[in-house]
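The primary structure of each chain is shown beneath.
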Amino acid sequence: MKKVITYGTYDLLHQGHINLLKRAKALGDYLIVGVTNDNFDRDRGKLNVRNNVLERVEAVKATGLADQIIIEDYIGQKIDDIQKYDVDIFAIGSDWEGKFDYLNEFCQVVYLPRTEGISSTMLRDSSQETLKVGIVGCGRVAQRFPSEASVVSGIKVQAAYDTDIAASDSFAQKFTDITPCASLDELYGLVDAVYIATPHLAHYGNIKSALQAKKHVLCETPMVLNGEEAKELYKLAESQGVILMEANKTAHCPAFNHLVVLIKSGLIGEVVDIEASLSQLLDKKGREFDAAQAGGAMFEQGSYPLLPILKLMGIQYESLELFSRLENDVDIYTKGVLRYPKAVCSFKVGLGVKTEGDLVISGTKGYAYVPAPWWKTDYFELRYEDQNNNKKFFYKWDGFGLRYEVQEFVRCIFNHRFSSARLRRRESIQMAFIMQQFNEKVNFHEI
Ligand code: CTP
């Protein structure tokens, strides 16, 4: 029996795929089709795939051409598969000509003619309306947005606005194809959604104005510094039929998401303690040290270490004590201790104090260790008493890491989902209540 193997994503299955599968099948007696796993596609930078792996496997199965379907999970798997399944021929479309010659060592490699004029990319582009996004606030953070949005399908950065007209003009000069706007109303006229990257204290007004204009909103973290305001804004978004999302990049990053599901699946037992830390020593002349602009470590960095705590332990803690070192009314260091019924968690943030920026989650069976900088991690370990059971996990963190939240924002909009599982509305609201507690100095101790 002659065995043939071929691989692909098979997103939005089309005639080109069917022709390729027929040609591959005709080369032998038994056809194995490898379909890429969602994580594998994401890791190789393919963030635009529309169908999930189950839908894509079903589509390939429905062609009736595959004798066996397998999932492609990692680089190098093709060699393993060829040996494991005793494959005689590796077949792939001619767009890959030459790229798989290295497999000749293991079996015959055949490049099959590709069907002209059709591809998943073309179908994705034509079947989906493009979401036009406007940037509000053209400072340092916003500079990262256009390149990150460009790798996500279904979104285009259309316009930019800043209270300082010169800033929006220079932004538009730097990123061609972006229209500078002289007012928010002008921007709203050009876009379906906004990305807000203004200073913290402007967020509430910016979000409310955009929601009232029925624009979807992705707002930089911390979204607002008051719990009631956060509640009001999420309610307003839903009543206006638009999505409001807090842009916490860690919440959407692949490694962090996998860590959360592993721990929720009980791999380290019951979680009893979480310690999360984040610090960055900055020039004290910057706006981060200006009390009038809501500067300080807690507002600047607090939402990142609060994320693993609220995601894994929930929002129903019994108490939260805050300890800060203040300089000119701004915290250069804050430590928070949250007491839960059967656990205790703490976090540390610093703009003027350096900490080891790692994350340790301790459980009854083992612990998770994520080295600094854990909040943009591509690696973590699960560790146990018996070190033979330790396991390391590796991922990819591409670019500035905003692409993952942009992708989720687009997904929520197209699927009309008001709350993302990655950062629930209630978690975002709780973060705002914690910022409020800090602001009002409740259970607060100066050190
Ligand atoms: N293929 C083909 N003819 C096409 C499109 C794809 O023969 N018009 C082949 C590819 O060469 C590959 C297989 O189908 O062997 C699966 O390709 P895949 O990458 O899933 O499809 P594309 O349509 O090329 O996807 P994309 O646009 O996302 O790259």
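Residues numbered from 1 in each chain as written. Predicted model: local features only at pLDDT ≥ 70, side-chain atom pairs only at ≥ 80, totals over all residues. Heavy atoms only, no water.

A few points about the sheet that holds strand β11 (residues 244–247)
Adjacent strands of a sheet form backbone hydrogen bonds with each other and so pair up, either parallel or antiparallel. Spatial strand order, β8-β7-β6-β9-β10-β11: six strands in an open sheet with parallel pairing. Both outer strands of the open sheet, β8 (179–181) and β11, are each paired with one neighbouring strand and no more. Averaged over all pairs of adjacent strands, the angle between strand axes in this sheet comes to 25°, irrespective of strand direction. In the sheet, strand β6 (residues 131–136) pairs with strand β7 (residues 155–161) via six bridges, with the strands oriented parallel. Paired with glycine 134 across the bridge in β7 is alanine 159. (Pairing = 2+ DSSP bridges. Helix = DSSP H or I, 4+ residues; strand = E, 2+ residues; numbered from the N terminus. Axes fitted to C-alpha atoms, helices over the stretch in contact; angles between N-to-C directions.)

Considering the layout of surface pockets
Quantified by volume, the largest pocket comes out at close to 1000 Å³. Those elements giving two or more residues to the lining of the largest pocket turn out to be α9 (203–212), β12 (271–279) and α13 (297–301). Considering every element that reaches the lining of the largest pocket, the biggest residue donor is β12, with three residues. Here the lining of the largest pocket is built from residues that sort into 18 nonpolar, 15 polar and ten charged. (1 Å grid on protein atoms, 1.4 Å probe; cavity = no way out; pocket = protein on both sides within 12 Å on 5 of 7 lines; lining within 4 Å. Points joined across faces, edges and corners; volume = space filled by probe spheres on them. Nonpolar A, V, L, I, M, F, W, Y, C, P; charged D, E, K, R; others polar.)

Focus on the pattern of salt bridges
Scanning the entire structure with this criterion turns up 20 salt bridges. A salt bridge links arginine 287 to glutamate 288; the shortest N-O distance between them is 3.9 Å. A relative accessible area of 27% means that arginine 287 is categorised as partly exposed. In this structure, the salt-bridge partner of glutamate 408 is arginine 422, at a minimum N-O distance of 3.7 Å. Here the residue glutamate 408 occupies a position in helix α15 (residues 403–414), and arginine 422 occupies one in the loop between α15 and α16 (425–439), the gap between them amounting to 14 residues. A cluster of three or more residues bridged by salt bridges with shared partners is formed by Arg140, Arg287, Glu288 and Glu300. (Salt bridge = Lys/Arg side-chain N within 4 Å of Asp/Glu carboxyl O. Buried < 20%, exposed > 50% of the residue type's maximum accessible area, 1.4 Å probe, protein only.)

Structural notes on the nonpolar core
Side chains that are nonpolar tend, in soluble globular proteins, to be buried together. Core analysis: the largest hydrophobic core is formed by 77 residues, its most contacted members being Phe145 and Ile361. With near-sequence residues (within four places) excluded, isoleucine 361 lies in contact with Leu259, Ile263, Ile268, Val271, Asp273, Ile274, Leu312, Gly366, Tyr367 and Ala368. Membership of the second largest hydrophobic core comes to 26 residues, among which are Tyr161, Met223, Val224 and Val242. (Core = buried A, V, L, I, M, F, W, Y, C linked by side-chain atoms within 4.5 Å. Contact = heavy atoms within 4.5 Å.)

A word on the packing of aromatic side chains
On inspection of all chains with the given rule, the structure shows 15 aromatic pairs. Relative to tyrosine 395, the ring of phenylalanine 380 lies with its centre 5.6 Å away and its plane at 20°, an arrangement referred to as stacked. Pair noted here: phenylalanine 380 is in strand β18 (residues 379–383) and tyrosine 395 is in the loop between β19 (391–394) and α15, with a separation of 15 residues, a long-range link. Each member of the pair, phenylalanine 380 together with tyrosine 395, is buried. Through a chain of ring-to-ring contacts, three or more aromatic side chains come together here, namely Tyr7, Phe90, Trp96, Phe100 and Tyr102. Over the face of the ring belonging to phenylalanine 444 we find lysine 441, whose NZ or CZ atom lies 5.2 Å from the ring centre. (Phe/Tyr/Trp six-rings, centres within 6.5 Å; stacked < 30°, edge-to-face > 60°. Lys NZ or Arg CZ within 6 Å of the ring centre and 35° of its normal.)

Some remarks on the site of the ligand
Around the ligand, the structure places 19 residues, and the nearest of them are Asp95, Thr115, Ile118, Ser120 and Thr121. Residue tyrosine 10 places a main-chain N or O atom 2.9 Å away from an oxygen atom belonging to the ligand. In this structure, histidine 17 approaches the ligand through a side-chain N or O atom, which is 2.9 Å from an oxygen atom. Protein chains shield 92% of the accessible area of the ligand, which is 570 Å² for the free molecule. (Near = heavy atom within 4 Å. Polar contact = N/O pair within 3.5 Å; in protein donor to acceptor, adjacent residues only side chain to side chain. Areas by Shrake-Rupley, 256 points an atom, 1.4 Å probe, with all protein chains shown as cover.)

Comments concerning the pairing of β11
Because side chains alternate across β11, one face comprises the buried residues Leu244 and Glu246, and the other comprises Met245 and Ala247, equally buried. Bridge count between strand β10 (residues 216–220) and β11: four bridges; the pairing is parallel. Residue pairing for β11: leucine 218 is matched across the bridge by methionine 245. Tracing the backbone out of β10, into helix α10 (residues 227–240) and back to the parallel element β11 gives a crossover that is right-handed. (Right-handed = clockwise from strand over helix to strand, strands pointing away.)

Focus on the packing of α9 against α10
Interaxial distance between α9 and α10 falls to 9 Å at its minimum, and their mutual angle equals 15°. The angle between α9 and α10 places the two elements in the roughly parallel class. In this structure, the crossing between α9 and α10 has a hand that is left-handed. The segment α9 lies against α10, with Tyr204, Ile207, Lys208, Leu211 and Gln212 engaging Glu229, Glu232, Leu233, Leu236, Ala237 and Gln240. For the contact of α9 with α10, the residue count by class is six nonpolar, two polar and three charged. (Parallel < 35°, antiparallel > 145°, perpendicular 65-115°, else oblique. Left-handed = near helix turned anticlockwise from the far one by under 90°.)

So, the environment of leucine 259
Tracing the backbone shows leucine 259 in helix α12 (residues 254–264). Judged by its relative accessible area of 3%, leucine 259 falls in the buried class. Between the alpha carbons of leucine 259 and tyrosine 304 there is a distance of 15 Å; along the sequence they are 45 residues apart. Discounting residues that sit within four places of it in the chain, leucine 259 has contacts with Leu359, Ile361, Ala368, Val370 and Phe380.

By themselves these figures say nothing about function.
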